[in-house]
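So you can see what is in the structure, the chains are spelled out below.
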Amino acid sequence: MKDLGILKEAELSTRKSIQIQPNFSDAYNHLAIILKCLSNSQEAEIFARKAISLKPDFVEAHSNLGTILKDLGNLIEAEESTRKAISLKPDLAEAHANLGTILKDLGNLIEAEICIRHAIKLKPDFAEAYNNLGDVLKNLGNLNEAEICTRKAIKLKPGFADALFNLSLIELVKGDYQSGLENYEFRLIKSKPTISLKNIAIKRIASNNLDEVDKILVFCEQGLGDTLQFMRYIPFLRNQGFNIYFCAQDKLHTLIQSSNIDSNPLTKEQAICFSEGNWIPLLSLPRFLKINIKNPIISKPYINSTEKLNEKWRQILSKEKRPIVGINWQGSKKMEKTYQGRSIPLEKFSIILDHNDITMLSLQKGFGYEQLENCPFIKKFVECQSQIDVTWDFHETAAIIDNCDLIITSDTAIAHLAGGMGKLTWTLLKHVPDWRWGVEGRSTFWYPSMRLFRQKERKNWQEVMDRVSNALKTYM
């Protein structure tokens, strides 16, 4: 029943077998696997550990526990459990592959590559391992071999949604938007979709022709930066005559209204109850509009605050020493798990102050803000920093940004907010960045006012900051 996808019945049957035979270690392990498939990893961990307690040398249970702990974010114990499985059965290809994915999440890409290659050596037709190897190679910057491995996974397992999605990320970062945006749609049906399709009452637009739909609900997905980047297409579609309704994160609503993106954006709760027309995920719009590097459609500034807020912060910041450089260094805690290496320790910004007479302004909120509390160069920040720290509304943050002379940021929502405003923005990118930035060039077609500073080698932010500092001497 598990293999047929009848998971709830599979769970009931396995629980019954445990009732009949309470010391049946296989049943405990099978139940853990089923619960993991049902996204109940916490209970799955309990049953996997029970299987091991009944049978300490249970290889599959140790390996299974490793994957469960990985899902729970307990990477250190996940590594230990998986290595235990390998010590008990050195030729278990699945365990070597799982260890590779755990090491990848721990940031140990070199050893991750070695482990996954060993898994493939043990099991040459291992589609999942080829897909994971492609992901590791992409993050190491070996894009061509990454694509070869990912295509191999798809050949071994046609219709492999996770691999097709990973292929899209490789294609897009290499600049192939036509094929990349097509394959990017697999994000909706991969093992961990970017958005839940079950809760939305109306049907998703499946055709390539938006003209066939009367009412279109555009549903936000992924992070705030994604919404800020791609909401540019809402007014464009409406001007083309489409009847558009836009669902976005609540904290962006006032900014969306002030920018004339949508006068009445919907909450997710309202969108889920929407009963007319069809819906489309926000990040599917570039595919429908055939966006590419030469055809961005919208590149002019499209985000605005209000003159009232702009004037408020003009008055507050008029007392500060110029030039004022707004900085942001840390991405969200959740995204750090899937987009490792994009954030920059605040201390790395010190070199800019050592060689340039500027005043800094922190735009950092939430996770990462704690670095400011013990910052040795805190006196170099604007005197009104405490007032800025309690300002969480993106609408007002836009007004603060508008009154800075320059924004320097890691790849976070602030980059998209400032870029969408047409503000002079320097975005600092990891060695292999998110697909939208590509892998070459100092400029981006998404935001003409933005300059990109790319890592020349993985994890080396010092060299990037040296270049930023030198560029500031010329600019300021």
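The following refers to the structure shown. (Residues numbered from 1 in each chain as written. Predicted model: local features only at pLDDT ≥ 70, side-chain atom pairs only at ≥ 80, totals over all residues. Heavy atoms only, no water.)

1. What to know about the pairing of strand E8 (residues 450-454)
Within a regular beta strand, the side chains point alternately toward one face of the sheet and then the other, so they alternate between its two faces.
Logical step 1: E8 sits mainly inside the fold: 4 of its 5 residues count as buried.
Logical step 2: With 5 bridges joining them, strand E7 (residues 425-429) and E8 adopt parallel strand pairing. Following the sheet pairing, Leu-429 is matched in E8 by Arg-454. (Buried < 20%, exposed > 50% of the residue type's maximum accessible area, 1.4 Å probe, protein only. Helix = DSSP H or I, 4+ residues; strand = E, 2+ residues; numbered from the N terminus. Pairing = 2+ DSSP bridges.)

2. Thoughts on the environment of Ala-398
Logical step 1: Within the secondary structure layout, Ala-398 lies in helix H22 (residues 394-402).
Logical step 2: Given the relative accessible area of 0%, Ala-398 is considered buried.
Logical step 3: Not counting chain neighbours up to four residues away, the residues in contact with Ala-398 comprise Leu-255, Ser-305, Leu-417 and Met-421. (Contact = heavy atoms within 4.5 Å.)

3. A closer look at the pattern of salt bridges
Logical step 1: By the definition in use, this model includes 35 salt bridges.
Logical step 2: One network of salt bridges, with partners in common, ties together Lys-8, Glu-11, Arg-15 and Glu-43. (Salt bridge = Lys/Arg side-chain N within 4 Å of Asp/Glu carboxyl O.)

4. Things to note about the side chain of Asp-105
Logical step 1: Structurally, Asp-105 is set in helix H6 (residues 93-105).
Logical step 2: In this structure Asp-105 comes out as buried when scored by relative accessible area, which is 16%.
Logical step 3: In terms of polar contacts, Asp-105 uses its side chain to reach the side chain of Lys-70, at 3.2 Å.
Logical step 4: When residues no more than four places from it in sequence are discounted, the contact partners of Asp-105 are Lys-70, Leu-75 and Gln-340. (Polar contact = N/O pair within 3.5 Å; in protein donor to acceptor, adjacent residues only side chain to side chain.)

5. Regarding the sheet that holds strand E5 (residues 359-362)
Logical step 1: Read from one edge to the other, the open sheet built from 5 strands follows the order E5-E4-E6-E7-E8, with strand pairing classed as parallel. This sheet does not close on itself; its edge strands, each paired only once, are E5 and E8. Recorded for the sheet is a direction-independent mean angle of 25° between the axes of neighbouring strands.
Logical step 2: Across 4 bridges, strand E6 (residues 406-410) lies against E7 in parallel orientation. The residue bridging Thr-409 from the neighbouring strand is Thr-427, located in E7.
Logical step 3: Where helix H23 (residues 413-421) meets the sheet, its contacts fall on strand E4 (324-328), E6, E7 and E8, and the angle it forms with E6 comes to roughly 150°. (Axes fitted to C-alpha atoms, helices over the stretch in contact; angles between N-to-C directions.)

6. Thoughts on the packing of aromatic side chains
Logical step 1: Under the criterion given, the structure shown has 13 aromatic pairs.
Logical step 2: Centre to centre, the rings of Phe-230 and Trp-446 are 5.5 Å apart; their planes meet at 85°, and the pair counts as edge-to-face. With Phe-230 in helix H12 (residues 224-230) and Trp-446 in the loop between E7 and E8, the pair connects residues that are 216 residues apart, well separated along the chain. Trp-446 shares its class with Phe-230; the two are buried.
Logical step 3: Summarising the aromatic geometry, the rings of Trp-437 and Tyr-447 are spaced 6.4 Å apart at their centres and angled 40° between planes, so their arrangement reads as tilted. Residue Trp-437 is found in the loop between E7 and E8, and its partner Tyr-447 is found in the loop between E7 and E8; the two are separated by 10 residues along the sequence.
Logical step 4: Put simply, the rings of Phe-165, Tyr-177, Tyr-184, Phe-230, Trp-435, Phe-445 and Trp-446 touch in pairs and so form one group of aromatic residues. (Phe/Tyr/Trp six-rings, centres within 6.5 Å; stacked < 30°, edge-to-face > 60°.)

7. Observations regarding the packing of helix H2 (residues 25-37) against helix H3 (residues 41-54)
Logical step 1: Running from amino to carboxyl end, H2 crosses H3 at an angle of 160°, the nearest separation of the two axes being 8 Å. It follows that H2 is roughly antiparallel to H3 by the angle criterion. For the crossing formed where H2 meets H3, the hand is left-handed. Mapping the contact onto sequence places Ser-25, Tyr-28, Asn-29, Leu-31, Ala-32, Leu-35 and Lys-36 in H2 and Ser-41, Glu-43, Ala-44, Phe-47, Ala-48, Lys-50, Ala-51 and Leu-54 in H3. (Parallel < 35°, antiparallel > 145°, perpendicular 65-115°, else oblique. Left-handed = near helix turned anticlockwise from the far one by under 90°.)

Everything listed here is a matter of geometry and, on its own, says nothing about what the molecule does.
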